[in-house]
Amino acid sequence: MTRAKRKPARPKLAVWKFSSCDGCQLSLLDCEDELLEVAEAVEIAYFLEATRAEVKGPYDISLVEGSISTPHDAERIHKVRRQSRVLITIGACATAGGIQALRNFADVEEFIRAVYAEPKFISTLGRSTPISHHVPVDFELYGCPIDKYQLLEVINAHLNVRKPVIPNHSQCIDCKRAGTVCVMVGQGIACMGPVTQAGCGNLCPSRGRGCYACFGPKETPNTASLAKWFQNELGDDHRTVRDRFRGVSAFSESFRKESEAHD
Amino acid sequence: MPPPDTPVVPSPTPTPALRLDAGRLPHLLAVLTADGRELIGPVVSGGAIVYGPITGADDLPKGLVDDQAPGRYRLVAGESGTYFDHVATANSWKTFLFPPEQKICDIAHADGALTVTAPPVDAPARAFIGVRACDLRAMGILGKVFDNGDFADPAYAARRRNALIVAVNCGRAGGTCFCTSMGTGPKADGGYDLALTEVPAGGDGAPAYFTLVAGSDAGRRILDRLDLNRATAAEVETAAARVAACADSMGREMIADAAEMLGDNLDSPHWQTVAERCLNCANCTMACPTCFCSTVEDVTDLTGDNAERWRKWDSCFTLDHSYMHGGSLRRSGAARYRQWITHKLAHWHDQFGTSGCTGCGRCITWCPVGIDITEEARAVRDRAAGT
Ligand code: SF4
Ligand code: SF4
Ligand code: SF4
Ligand code: SF4
């Protein structure tokens, strides 16, 4: 008995949103030229930002955007994990808690009273936390927003069962490879590059600005030494140093500890 | 006992010095351009002097000098209105001889077979303008790494062969230079096609000039087309005195016994001390004109049928550099700093028969937290001696 040879089913891709601004999901839509190719290689089974059509799980690859900041989020992420073979967090929110994790350093009740006319309708957690604090994560993609080429590379690598080429090294390596003259040494501009993971495509230093650490901490960051240089050589006070480490990756472990040392 | 060091650059017998009026520098550059060469020389970019493409003398940073210190670089107006009184540039010639990102090959997969296509070697005819003694030495060192017969990199060799070197003897020492103590400068002692020494205009109204010698046949052929007079003995002496004064004013030096001393102190407590400051950011290795490490990255298209293999500058300050089955060997910052300084100053001798350091000072200037290789070597020695 012979059976008709069937084309293997395309892997199913889902994109999930938690507490976030949608910017990272938009990076996927922004892959204009490549999106058709992606859509051919995978079945986009769940992606509300792009289409209302939903295909039931389980999913081969789940891209998760956003942090866990509400009781509802905290429940829902477990459902996503159960339905996902590979779970990839995309962006600073999902990977480090995002800018909304600034609440973790303050009293969230006070914020709610100050901001909302009817605080009683607000149901939120005291802290905004990364996905990895709640469920196991297979790959974390940094960036605020993520870089679309890095996103394509991660999807591509998973489809081809290889390691994604996403280096964990400093932004400085990308500056030097691109021939960008160091703005800190050359102009005395404070730069987070030496403790920040490369990946943005060298956006700020190549335009004469210091790095804001959008791509989170690099491997083995030496935050204390850089903070000391900011203070002793560039004239930062404690508050300024604290704020430099308290950006979109404020709640990553190394940046959190450094900013707290300057509270 | 490591084998004795071997010469890095050939020592030519230079031609007698000619005199080139400073105002005729454009003429020299025009002759080189007419020779079919792309000119690469010092230009201002991003607040610093870097080596980049130039079209003529107007692109040169005339009158500017660089104020360099550990972790600090500023351009300021010089006193003598010279073309070449700046010192080591932010980038180095490595950028042109061993580009930061090179595609090695395309790999296509079809009908069960792999086809590998290497791109053609990109090695344009160039003239490198303003090469310093330390950087000439760096090219000699890179030559031992990449153009050594057994393990030659043909692309490196072709780029180096196609570059005509116009050296400049330094007339001013920079704040982080230490070539004198490394025996590499400030006077170019070989490996060049032409070498210039710049003499600024005198207070008595004497115009600025260069003395110019050739160190190769290619250099002599260029000189033949310039129609220049011999420099007088006094002019040659004035030029030489300027270079000698530069050597005397060098404020930084490497300790004499660095190679052996570091080899004896692999367990120094100082490695931990420097690791507290070191950001393991890799700027030093990227800026260094002799650091040659690279990584290989493979990328595929979505179908997996087409791949590209790229070679990119890497550094012993990354975890990936020492990644082996099971993890990275050099996990601590202390181990990574030790790898860098012992390779540059000690193990390079065993590997290549020369120091890996030329004393150019780039790693000191461009370290974001001002870590100074000469100070760190001294500190390891002093701690071992208990002082
Ligand atoms: S500009 Fe910033 S990121 Fe770039 S080399 Fe300098 S410190 Fe590093
Ligand atoms: S180790 Fe430092 S001083 Fe020595 S050649 Fe490299 S960059 Fe220059
Ligand atoms: S010092 Fe480090 S980066 Fe430089 S050549 Fe040696 S191992 Fe490579
Ligand atoms: S010595 Fe300086 S430039 Fe080199 S890795 Fe350490 S901090 Fe970076």
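Structure's up top.
Please read these numbers as outputs of a predicted model, since none were measured by experiment.

Remarks on the site of ligand 2
Residue and element names in this part refer to chain B.
Then, in step 1: Lining the immediate surroundings of ligand 2 are 13 residues, of which Cys288, Cys357, Cys360, Gly361 and Cys363 lie closest.
Then, in step 2: Looking at the shell around ligand 2, the elements that each hand over two or more residues are helix H11 (333–352) and helix H12 (362–365).
Then, in step 3: When the residues that make up the shell around ligand 2 are grouped by side-chain class, the tally is eight nonpolar, three polar and two charged.

Thoughts on the sheet that holds strand E7 (residues 113–117) of chain B
Residue and element names in this part refer to chain B.
Then, in step 1: The sheet built from four strands is open, its strands ordered E7-E6-E14-E13 with antiparallel pairing. The strands lining the two open edges of the sheet, one partner per strand, are E7 and strand E13 (294–300). Here the strands of the sheet are splayed against their neighbours by 20 degrees on average, with no regard to which way each runs.

Overview of the side chain of Lys144 of chain B
Residues and elements named next belong to chain B.
Then, in step 1: Position of Lys144 among the secondary structure elements: in helix H3 (residues 133–146).
Then, in step 2: Overall, Lys144 belongs to the buried group, its relative accessible area being 18%.
Then, in step 3: A polar atom in the side chain of Lys144 sits 3.0 Å from the backbone oxygen of Phe352.
Then, in step 4: Sequence-distant contacts of Lys144, that is, excluding residues within four places in its chain, are made with Thr6, Pro7, Val8, Phe352, Gly353 and Thr354.

Re the site of ligand 1
Then, in step 1: Around ligand 1 sit Gln171, Cys172, Cys175, Cys182, Val183, Cys191, Gly193, Pro194 and Pro205 of chain A together with Asn283 of chain B, and that is every residue in its neighbourhood.
Then, in step 2: Two or more chains meet at ligand 1, and those chains are chains A and B.
Then, in step 3: Ranked by residues supplied to the shell around ligand 1, first place goes to helix H7 (residues 171–178) of chain A with three residues.
Then, in step 4: Of the residues belonging to the shell around ligand 1, the class tally is seven nonpolar, three polar and no charged.

Points about the sheet that holds strand E1 (residues 12–17) of chain A
Residue and element names in this part refer to chain A.
Then, in step 1: Reading across the sheet, the five strands line up as E2-E1-E3-E4-E5 and stay open at both edges, with parallel pairing between neighbours. The open sheet is flanked by strand E2 (43–47) and strand E5 (139–141), the only strands paired with a single partner. Strand-to-strand twist of the sheet, defined as the mean angle between neighbouring strand axes without regard to direction, takes the value 25 degrees.
Then, in step 2: Of the strands in this sheet, strand E3 (59–65), strand E4 (84–90) and E5 are in contact with helix H6 (residues 148–159), which crosses E5 at around 160 degrees.

Quick word on the interface of chain B and chain A
Then, in step 1: On the side of chain A, 31 residues touch chain B, which itself brings 45 residues to the contact.
Then, in step 2: Roughly 3000 Å² is buried in total at the junction of chain B and chain A, and carbon and sulfur atoms are behind 56% of that figure.
Then, in step 3: Across the contact surface, chain B and chain A share zero salt bridges.
Then, in step 4: Applying the counting criterion to the chain B and chain A interface returns 21 residue pairs in polar contact (both at pLDDT 80 or more).
Then, in step 5: Elements with a minimum of two residues in the side of chain B that touches chain A: strand E3 (48–54), strand E5 (72–77), helix H9 (270–277), helix H10 (283–287), E13 and strand E14 (306–313) of chain B.
Then, in step 6: Among the elements that make up the side of chain B that touches chain A, the one with the highest residue count is E13 of chain B (five residues).

Cut-offs used in this document
Residues numbered from 1 in each chain as written. Chains lettered and ligands numbered in written order. Predicted model: local features only at pLDDT ≥ 70, side-chain atom pairs only at ≥ 80, totals over all residues. Heavy atoms only, no water. Near = heavy atom within 4 Å. Helix = DSSP H or I, 4+ residues; strand = E, 2+ residues; numbered from the N terminus. Nonpolar A, V, L, I, M, F, W, Y, C, P; charged D, E, K, R; others polar. Pairing = 2+ DSSP bridges. Axes fitted to C-alpha atoms, helices over the stretch in contact; angles between N-to-C directions. Buried < 20%, exposed > 50% of the residue type's maximum accessible area, 1.4 Å probe, protein only. Polar contact = N/O pair within 3.5 Å; in protein donor to acceptor, adjacent residues only side chain to side chain. Contact = heavy atoms within 4.5 Å. Buried area = accessible area lost by both parts, 1.4 Å probe. Salt bridge = Lys/Arg side-chain N within 4 Å of Asp/Glu carboxyl O.

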